[in-house]
2 protein chains.
Amino acid sequence: MSAQGDAGVADADAAARRGRPGRRPGGGDTRQVILDAARAEFAARGYENTSMRAIARAAAVNPALLHHYFGTKDQLFLAALEFPLQPRELVARIVGGGREAVGERLVRFAFGLLENPAARDRVLAVLRAAATNEQMARLMRGFIMRELARPVAAVLDLPQPELRAQLAMTQMVGMIMGRYVLAVEPLASAPVEELVPLLAPTLQRYLVG
Amino acid sequence: MSAQGDAGVADADAAARRGRPGRRPGGGDTRQVILDAARAEFAARGYENTSMRAIARAAAVNPALLHHYFGTKDQLFLAALEFPLQPRELVARIVGGGREAVGERLVRFAFGLLENPAARDRVLAVLRAAATNEQMARLMRGFIMRELARPVAAVLDLPQPELRAQLAMTQMVGMIMGRYVLAVEPLASAPVEELVPLLAPTLQRYLVG
């Protein structure tokens, strides 16, 4: 889907450069072109620095179409992200298969997601937006508490289960910041197989004790 | 210093509202008023969304004075932050006093800093800037590697010492994101004394094994 998306944006850019303001024939197609352009722009520049106008330009469509299909910038942002985390799947993976490897399964699941560039871009776009925009922070806060912390806490067999679920999240959020955003070395280039044995016991202790 | 700073900004705001464009008598005073205003604006809106013009307005000074005293926005940002971390002090605290409580000392040191609103605002301003601006991410990357990861790694007695120092940093960065930026509950309101026994073993294991 990412390759398709990039190709769509490249085509749109090329069309824009050739001076063909792109009215696309099918509505479904236009919607997808806007989503692909929005995803690329938000990932490259973050929520705050991306304008509806710039997305329309990248998609080579009339800006009015963005409002027609998606409403506000918030709404387009959330639609564009198709946030790649399936919380129910996450919970199932944490719980299923025995308590002794909860931390390792969670770390491997997270890296499976994050080492995929398209999924990583979406996670980074959400994090960047939440770091700089209070409205986005509120949206993400609600998402984390409702979709992650509470379902995970519900299956933990320890005191302070929500706090523990959130501490596990802080380790993963910090790892994302250090490896992919700040990109400090050697963390940024370390093979996943070197990171798993260092990170897994942290999550194991928070979630299982 | 924060109370002073806030008062300075408030005075400047009041002066601006009363229509007195503030030329201040002493150069040293003006410099401080600009720094206080810059700190407040960067903390509230982040690096990207703060303009030199808005800082000049908050400080009630001519925008040309900002360029005169500080040059570019980057330079004003770094000057305004007086980044509150003293890396040498941090390393000394980690190393000094026995290996059995390294994690706890580090966590307590970090909360001592972060629970102080003025210091926290500066840390958050740096993190927000680094999350959304590649130039700031590069500055912060250099700072972390030179001033934190390498000095800490130099005193660790384990394989992969730099990677371990950076993993400790990721736990603290993630905790800052979760508690102060995303502000998820119960993490955001949990007393420090509840967090220390949960976080300290993580840092202890990364840094001491």
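Residues numbered from 1 in each chain as written. Chains lettered and ligands numbered in written order. Predicted model: local features only at pLDDT ≥ 70, side-chain atom pairs only at ≥ 80, totals over all residues. Heavy atoms only, no water.

With an unreviewed UniProt entry as reference, chain A is termed TetR family transcriptional regulator, source organism Actinocrinis puniceicyclus.

Peer 1: Can you explain the packing of aromatic side chains? Please cite residues and give values.
Peer 2: Residue and element names in this part refer to chain B. The final tally for this structure, using the stated rule, is two aromatic pairs over all chains. Residues Y69 and F70 carry aromatic rings whose centres are separated by 6.3 Å and whose planes lie at 50 degrees to one another, so their mutual orientation is tilted. Residue class for F70 comes out buried when judged on its relative accessible area of 8%. (Phe/Tyr/Trp six-rings, centres within 6.5 Å; stacked < 30°, edge-to-face > 60°. Buried < 20%, exposed > 50% of the residue type's maximum accessible area, 1.4 Å probe, protein only.)

Peer 1: Just give me the short version of the pattern of salt bridges, but keep the residues and values in it.
Peer 2: Residues and elements named next belong to chain A. Using the criterion set out here, one finds ten salt bridges over all chains in the structure. D36 serves as the salt-bridge partner of R39, at 3.1 Å between the closest nitrogen and oxygen. One end of the pair, R39, and the other, D36, are both in helix α2 (residues 27–45), three residues apart, so they sit about a helical turn from each other. With a relative accessible area of 13%, R39 lands in the buried category. Between R150 and E162 there is a salt bridge, with its nearest N and O atoms 3.7 Å apart. Of this pair, R150 sits in helix α9 (residues 134–154) while E162 sits in helix α10 (residues 161–181); the two residues are twelve residues apart in sequence, bridging distant segments of the chain. Look at R150 and you get partly exposed, because its relative accessible area is 42%. Where salt bridges share partners, they join E104, R108 and E193 into one cluster. (Salt bridge = Lys/Arg side-chain N within 4 Å of Asp/Glu carboxyl O. Helix = DSSP H or I, 4+ residues; strand = E, 2+ residues; numbered from the N terminus.)

Peer 1: A description of the UniProt feature "DNA-binding region" (unreviewed entry) in chain A should follow, citing residues and the corresponding values.
Peer 2: Under the local residue numbering, the UniProt record ascribes the feature "DNA-binding region" (unreviewed entry) to residues 51–70 of chain A. The distance separating the terminal C-alpha atoms of residues 51–70 of chain A is 14 Å; by composition the span is 80% helix and 0% strand. (UniProt positions renumbered as here; feature names shortened; annotations may be inferred.)

Peer 1: For the interface of chain A and chain B, give the residues involved together with the corresponding values.
Peer 2: The parts lose accessible area when they come together, and the size of an interface is often stated as this lost area. The interface is formed by 43 residues belonging to chain A together with 43 residues belonging to chain B. Linking chain A to chain B there are zero salt bridges. Going through the elements one at a time, α8 (117–132), α9, α10 and α11 (192–208) of chain A are the ones with two or more residues in the side of chain A that touches chain B. Within the side of chain A that touches chain B, the residues separate by chemical class into 26 nonpolar, nine polar and eight charged. (Contact = heavy atoms within 4.5 Å. Nonpolar A, V, L, I, M, F, W, Y, C, P; charged D, E, K, R; others polar.)

Peer 1: Please provide a residue-by-residue account of the relation of the copies chain A and chain B, values included.
Peer 2: Here chain A sits on chain B after a turn of 180 degrees about the axis and a move of 0.0 Å along it, with an RMSD of 0.1 Å. Each copy turns onto its partner about a two-fold axis. For chain A, the residue whose C-alpha comes nearest the rotation axis is A:G174, separated from it by 1.8 Å. (Least-squares fit on C-alpha atoms with pLDDT ≥ 70 in both.)

Peer 1: Break down α8(A) for me, citing the residues and quoting the values.
Peer 2: With 16 residues, α8(A) ought to run about 22 Å at 1.5 Å a step, and its terminal C-alpha atoms sit 22 Å apart, in line with that. Measuring from the backbone nitrogen of A:A118 back to the side-chain oxygen at the start of α8(A) gives 2.9 Å, which picks out A:N116 as the cap. (Expected span 1.5 Å × (residues − 1). Polar contact = N/O pair within 3.5 Å; in protein donor to acceptor, adjacent residues only side chain to side chain.)

Peer 1: Tell me about the environment of A:A154, and please be specific about residues and values.
Peer 2: All names here are of chain A. Relative to the helices and strands, A154 resides in helix α9. According to the relative accessible area criterion, A154 is exposed, its value standing at 65%. Taking C-alpha positions, A154 is 9.6 Å from A165, a pair spaced eleven residues apart along the chain.

Peer 1: Outline the side chain of B:T202, listing residues and values.
Peer 2: Mapping B:T202 onto the fold places it in helix α11 (residues 192–208). Reaching out from B:T202, the side chain makes a polar contact with the side chain of A:R205 at a distance of 2.5 Å. Excluding residues that lie within four positions of it along the chain, B:T202 makes contacts with A:Q171, A:T202, A:R205, A:Y206 and B:Q171.

Peer 1: So what's going on with helix α3 (residues 52–59) of chain B? Residues and values would help.
Peer 2: Residues and elements named next belong to chain B. Counting buried positions along α3 yields six of eight residues, so the element is predominantly enclosed. The set of residues buried in α3 consists of M52, A54, I55, A56, A58 and A59. Downstream of α3 by a residue or two, A60 has a phi angle that is positive, lying close to 55 degrees.

Peer 1: So what about the packing of helix α7 (residues 102–114) of chain A against α11(A)? Which residues, and what values?
Peer 2: Residues and elements named next belong to chain A. Two numbers describe how α7 lies on α11: the axes approach to 7 Å, and their chain directions differ by 125 degrees. The angle between α7 and α11 places the two elements in the oblique class. Note that α7 runs across α11; the crossing there is right-handed. Across from V102, G103, E104, L106, V107, R108 and F111 in α7, the residues of α11 making contact are V192, E193, L195, V196, L199, A200, L203, Q204, L207 and V208. The class makeup of the residues in the contact of α7 with α11 is twelve nonpolar, two polar and three charged. (Axes fitted to C-alpha atoms, helices over the stretch in contact; angles between N-to-C directions. Parallel < 35°, antiparallel > 145°, perpendicular 65-115°, else oblique. Left-handed = near helix turned anticlockwise from the far one by under 90°.)

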